[in-house]
Amino acid sequence: MHPIDAADLTVTTASAEDWRQVVAWATEEGWNPGHGDADRFLPTDPEGFFTGRLDGRIVTAISVVNHGPDYAFLGFYLVAPEQRGRGLGLATWRAAFPHAGTRTVGLDAVPEQEETYKRSGFVPAYRTLRWTGRPARSGTTAAGVHPVTPDRLDPVAAYDRGFFPVERRAFLARWLDGPGRAARVLLRDGRVTGYGLIRPSEDGHRIGPLFADTREDAEALFDALTAHLGPDEEVCLDMPEPNTAAAALAEGRGLTTDWHSVRMYAGPVPATPAERAFAVTSLELG
C-alpha cells in the first residue's frame, strides 16, 4: 500500500447518508448499535458529526456533539483498520475537536485508548461495565410502571435532568419513541422515581437509560422493559461501576460482564450521580 500523508485527508461535516455508513462500520467493529440510534443522534447537533475521506472514501469518523453551552460529548472515534497507524485519526480529531469550544467534553473510552485520551487532557472518572445475557425476570409488572406517553414526557425530562449535565427534552422525545422501542416510567404518588428504555440492536436488545431512585425501582423498570422478550433473547446494559446496586441487579437477573469502558472528562467534571444511574443512555452521546 502506498504511503498516506494525513494532509491528503479531507474532514467535513457528515451527512445522514455518511453517518449510516459510519454506523454500519461500528456494527462491524462489534459495537452493537441500537436500531435507529443514528437518526436520533444527528438532530442533537447536526454540525457535530465528522468524517474523513481519502480519494472520496470514508476512512475516519468522530462525533463532537454539543449538548448545551457548557457540555459536549465525543464518540464514534473510528479509523478504518487498514488505515490505522498513519495519523489519520489524530488529524480527524484535530479538525473536529474545536467544535466543542470551551465546553467540558465527556467520552467513554475503550480500554486500549485510555492513555491516548489522557495525553489529550482527559481524566478518568469511573469505569462503565457492560452486562449482557438472557435476563431472568419476575414475570410480574410492579404497580406504578407506565408507558412514557407524550403527556408524561415533561416530568420524565425533568427527572432526567438530575442525571445528565444539561436539559435534553428534545433529544428524549426522539430517543424514547419509535418502532421497536419501549419506554417505561415509574410513578409513586404521582412523582417520577425512575424511567428507562429498551430498544432492538444488532445483537438482541439494549437498555439505556435506566435511571432510578433505588434498586427496587430499577428492578421494577427492568422487569417491565424485558417482559416482552423471548427466553432466548439477550439484553445489554452499560452500568456505571460506582453504582454497586446496579451490579447487584444485573447479577440477580443472570447477566454477566466481561468488558468495560472508561468515562473520562476534559474540563470540570459534571455533578451527575453515577451511583444512581443503572444504565447510561448510550456510549456515543452520553
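Relevant structure appears above.
The sections below set out a description of the structure shown in this document.

Reading guide: rules and limits
Residues numbered from 1 in each chain as written. Predicted model: local features only at pLDDT ≥ 70, side-chain atom pairs only at ≥ 80, totals over all residues. Heavy atoms only, no water. Helix = DSSP H or I, 4+ residues; strand = E, 2+ residues; numbered from the N terminus. Buried < 20%, exposed > 50% of the residue type's maximum accessible area, 1.4 Å probe, protein only. Contact = heavy atoms within 4.5 Å. Lys, Arg positive; Asp, Glu negative; His and termini not counted. Charge placed at Lys NZ, Arg CZ, Asp CG, Glu CD. Phe/Tyr/Trp six-rings, centres within 6.5 Å; stacked < 30°, edge-to-face > 60°. Lys NZ or Arg CZ within 6 Å of the ring centre and 35° of its normal. Salt bridge = Lys/Arg side-chain N within 4 Å of Asp/Glu carboxyl O.

Details of the overall build of the chain
In step 1: Scanning the chain for helices and strands turns up 8 helices and 13 strands.
In step 2: Taking the principal axes of the C-alpha coordinates as reference, the chain spans close to 65 × 40 × 30 Å.
In step 3: Within the chain, the proportion of its 286 residues that are buried is 52%.
In step 4: Excluding contacts between residues fewer than 6 apart, the proportion of contacts in the chain whose partners are at least 24 apart in sequence is 74%.
In step 5: Counting 29 positive and 39 negative side-chain charges, the chain places the centres of these two groups 2 Å from one another.

Section: the side chain of T104
In step 1: By secondary structure assignment, the location of T104 is in strand β5 (residues 104–109).
In step 2: Since its relative accessible area comes to 8%, T104 is described here as buried.
In step 3: In this structure T104 touches D70, Y71, A72, Y265, A266, G267, P268 and P270, once residues within four positions along its chain are discounted.

Section: the environment of G286
In step 1: As for its placement among the helices and strands, G286 is situated in the segment after β13 (277–279).
In step 2: Along the chain, G286 and F164 lie 122 residues apart, while their C-alpha atoms are 8.3 Å from each other.
In step 3: Those residues in contact with G286 that sit more than four places away from it in its chain are F73, F164, R168, R263 and T281.

Thoughts on unusual backbone geometry
In step 1: Omega for the peptide link from G208 to P209 comes to 5°, which places this bond in the cis form.
In step 2: Relative to the assigned elements, P209 resides in strand β10 (residues 204–212).
In step 3: Backbone geometry at F76 places phi at a positive 55°, although glycine is not the residue there.
In step 4: For F76, the position within the fold is in strand β4 (residues 71–79).
In step 5: Looking at F76, the relative accessible area reads 6%, which means it is buried.
In step 6: Phi at D189 takes a positive value of approximately 55°, unusual for a residue other than glycine.

A few points about the side chain of T281
In step 1: Within the secondary structure, T281 is located in the segment after β13.
In step 2: In this structure T281 touches R168, F171, W175, R199, G208, P209, F211 and G286, once residues within four positions along its chain are discounted.

Considering the packing of aromatic side chains
In step 1: Scanning all chains against the criterion turns up 18 aromatic pairs.
In step 2: Considering the side-chain rings of W93 and F97, the 5.3 Å spacing of their centres and the 5° angle between planes classify their relative orientation as stacked.
In step 3: Owing to a relative accessible area of 22%, F97 belongs among the partly exposed residues under this scheme.
In step 4: One aromatic cluster is present, formed by W19, W31, F41, F49, F76, F171 and W175 through successive ring pairs.
In step 5: When the ring centre of F164 is taken as reference, the NZ or CZ atom of R168 above it lies at 3.9 Å.
In step 6: The ring centre of W175 lies 4.7 Å from the NZ or CZ of R181, which sits over that ring.

Observations regarding the pattern of salt bridges
In step 1: What the rule picks out here adds up to 19 salt bridges.
In step 2: Here D160 ties to R168 by a salt bridge, and the two come within 2.8 Å at their closest N and O atoms.
In step 3: The salt bridge partner of R215 is E219, with a shortest N-O separation of 2.8 Å. One end of the pair, R215, and the other, E219, are both in helix α7 (residues 215–226), 4 residues apart, so they sit about a helical turn from each other.
In step 4: R215 gets classed as partly exposed once you look at its relative accessible area, which sits at 35%.
In step 5: Exposure remark for E219: the relative accessible area of 18% places this residue in the buried category.

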